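# Results of the structural survey
One letter stands for each residue in the lines below.
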Amino acid sequence: MASSSGPALNEELQCSICLEVFTDPVTTSCGHTFCSTCLSKCWTSSRNCFCPFCNERFSRRPNLKINTTLREVVQYFKKKRKREESEVFCDICDGRKEKALMSCLTCQSSYCDDHLEPHLRVPRLMKHTLINAVENLEDYICQKHERPLEMFCRDDQTTVCLSCTEGEHRTHNTVPIEEESRDKKINLAKRHTDIYQMIQDRMEKIQEIQDSVELRKKNMEKEKSSSVELFTDLICSFERCQSELLKMMEKQQKAAEKQGEDLIKELEQEITELKKRNTELEQISHIDDHFQVIQMWLSLSIRPHTKNWTEIRIDSDANVNLLYRAVTLLKKTQGTLIEKLSQTGLKCVQKYAVEVTLDPDTANPYLILSDDGKQVSHGNINQNVPKNPKRFESLCILAKEGFSSGRFYYEVQVKGKTEWDLGVARESINRKGSITLSPDNGYWTVILRNENQYIAADNLSVPLSLRAKPEKVGVFVDYEEGLVSFYDVDSRSHIYSFTSQTFTDKLYPFFGPCHNDKGKNSNPLIITPVN
């Protein structure tokens, strides 16, 4: 069991079983902490494993590990309390020693109230340096010159005596220890504020992660319900596909929940460490011992090692790629179900719509751009444009916006055109000379040739058989999943998907309006708002 602690520790560091300060603290999955021995005895004497605080029951006995961060916090407070309870006795008293009130750095002795009186009355003794009584008086004395450590060397970041400032520290920047202590307290107050803010940010991040996991779970439940509804009117042969889809959803949800738990655990560990550091910093502000302020500042001046949590988050949407896997499984057996799933998939990916604007620095000189950067077509005049290594020699152009993570979606009107190229391209593509559209060359595109010949420009070209001629094409990318999908927006049908790709470069929306063919293909490609 842990030893008794003062009232200030009762609320934060007390085991609710033994009512003592934690010894080897362990934390249950419900978030409550106990002494390892106390919890083991509690579970040994009971048939079931449950939390003694909230009574939550566990199906099997958890394998708990010592919370090392909390254990260090407890040990720190125990040592601190021991220091506070230690007594310093007068060096002059004969017989029964009285408790010392002050220590003299000049005399290198500690005095009780009675024996301190000469230092408060005799002019020569009044010049001595007095501090609150301390046990380790030798730590306040220069071991080399046996004089009080009254100065601080900012060059070497150490306390020195006056003799040191006349010797090896003569050319250094030295100031009275009181001045340095005052500056350090100001600095520590700012650091105290910064760490408090770090704690608040991490607590908010925990809430954000919890909300995201819960929202993702709700969205998954909605999608699962929708998927079940789609499968209810199918014959028994489709049951295997339904089961596989649901299992994949559940697996990814469990992975998201596990990720959330791991992130929360890491955040809570950082908060515990920051609270410990914050408490230490707060304690310094109440210390009058300048030497102790300096020593503690030196040990606490290093910024705690913490992670940048700004961009870390849990995706609240279930993986839309599951819908495409379902489409692949059912493609040979039921066209109606494919159409329903495709419509659901398009509705899902349209949530990731982004603003896309054409980049004139990449445009072939024969391409004509609208003033708003939303339309591009082929002209008959080679325009006088600046030379630029980003500019294509083929009839192509990229968007200004590039993406190196996450998901994005945009739509392009292709109405009235007989040829076009659409998709995404990696940043490092070769833009000079003729190009071959394929994933190996950094392009993921669908193209139209000869007015009605649709092709997926995979490494081996895939002819596409479409029910209707698309007038507006949607392009969706999931960077982490390695997915690029194309949709006929008006019929809400799926055209083609590049799956299991590996992206390393930034990806840019790619446009090829192709040759105007004496006016037959003069209509522009138009980037349209997503409804």
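Above this text is the structure in question.
Because the structure is predicted, anything quoted here is derived from the model rather than measured. (Residues numbered from 1 in each chain as written. Predicted model: local features only at pLDDT ≥ 70, side-chain atom pairs only at ≥ 80, totals over all residues. Heavy atoms only, no water.)

Further remarks concern the packing of aromatic side chains. A complete count under the given rule lists twelve aromatic pairs for this structure. Geometrically, the ring pair formed by Y140 and F291 is tilted, given 4.5 Å between the ring centres and 45° between the ring planes. Of this pair, Y140 sits in the loop between β7 (130–132) and β8 (151–153) while F291 sits in helix α9 (residues 290–300); the two residues are 151 residues apart in sequence, bridging distant segments of the chain. Note on Y140: relative accessible area 5%, which makes it buried. For the ring pair Y479 and F503, a centre distance of 5.4 Å and an interplane angle of 50° mean the geometry is tilted. Taken together, the residues Y479 in the loop between β19 (472–478) and β20 (483–488) and F503 in the loop between β21 (493–498) and β22 (507–512) connect sequence positions 24 residues apart. Both residues of the pair, Y479 and F503, belong to the buried class. Grouped by ring-pair contacts, the aromatic residues F392, Y443 and F510 constitute a single cluster. (Phe/Tyr/Trp six-rings, centres within 6.5 Å; stacked < 30°, edge-to-face > 60°. Helix = DSSP H or I, 4+ residues; strand = E, 2+ residues; numbered from the N terminus. Buried < 20%, exposed > 50% of the residue type's maximum accessible area, 1.4 Å probe, protein only.)

Moving on, we get to the environment of C51. On the secondary structure map, C51 appears in the loop between β3 (49–50) and β4 (57–58). Judged by its relative accessible area of 0%, C51 falls in the buried class. Sequence separation between C51 and C30 is 21 residues; the distance between their C-alpha atoms is 7.7 Å. Those residues in contact with C51 that sit more than four places away from it in its chain are T28, C30, H32, F34, E56 and F58. (Contact = heavy atoms within 4.5 Å.)

This part covers the sheet that holds strand β6 (residues 109–111). With respect to topology, three strands assemble into an open sheet ordered β6-β5-β7, the strand pairing being antiparallel. Of all strands in the sheet, those bounded by a partner on one side alone are β6 and β7. The mean inter-strand angle of the sheet, taken between neighbouring strand axes irrespective of direction, is 35°. Relative to β6, strand β5 (residues 102–104) runs antiparallel, the two sharing three bridges. (Pairing = 2+ DSSP bridges. Axes fitted to C-alpha atoms, helices over the stretch in contact; angles between N-to-C directions.)

Here we take up the pairing of β19. Among the seven residues in β19, seven count as buried, and that is most of the element. A two-sided burial pattern is seen for β19, the buried positions comprising K472, G474, F476 and D478 on one face and V473, V475 and V477 on the other. Judged from the seven bridges that link them, strand β14 (residues 407–413) and β19 form a sheet pairing that is antiparallel. Bridge pairing in β19 links V412 to V473. Here β19 pairs with β20 via six bridges, running antiparallel. The residue of β20 that forms the bridge with V475 is F486. Following β19, the chain reverses through four residues before pairing antiparallel with β20; G482 in that reversal takes a positive phi of roughly 65°.

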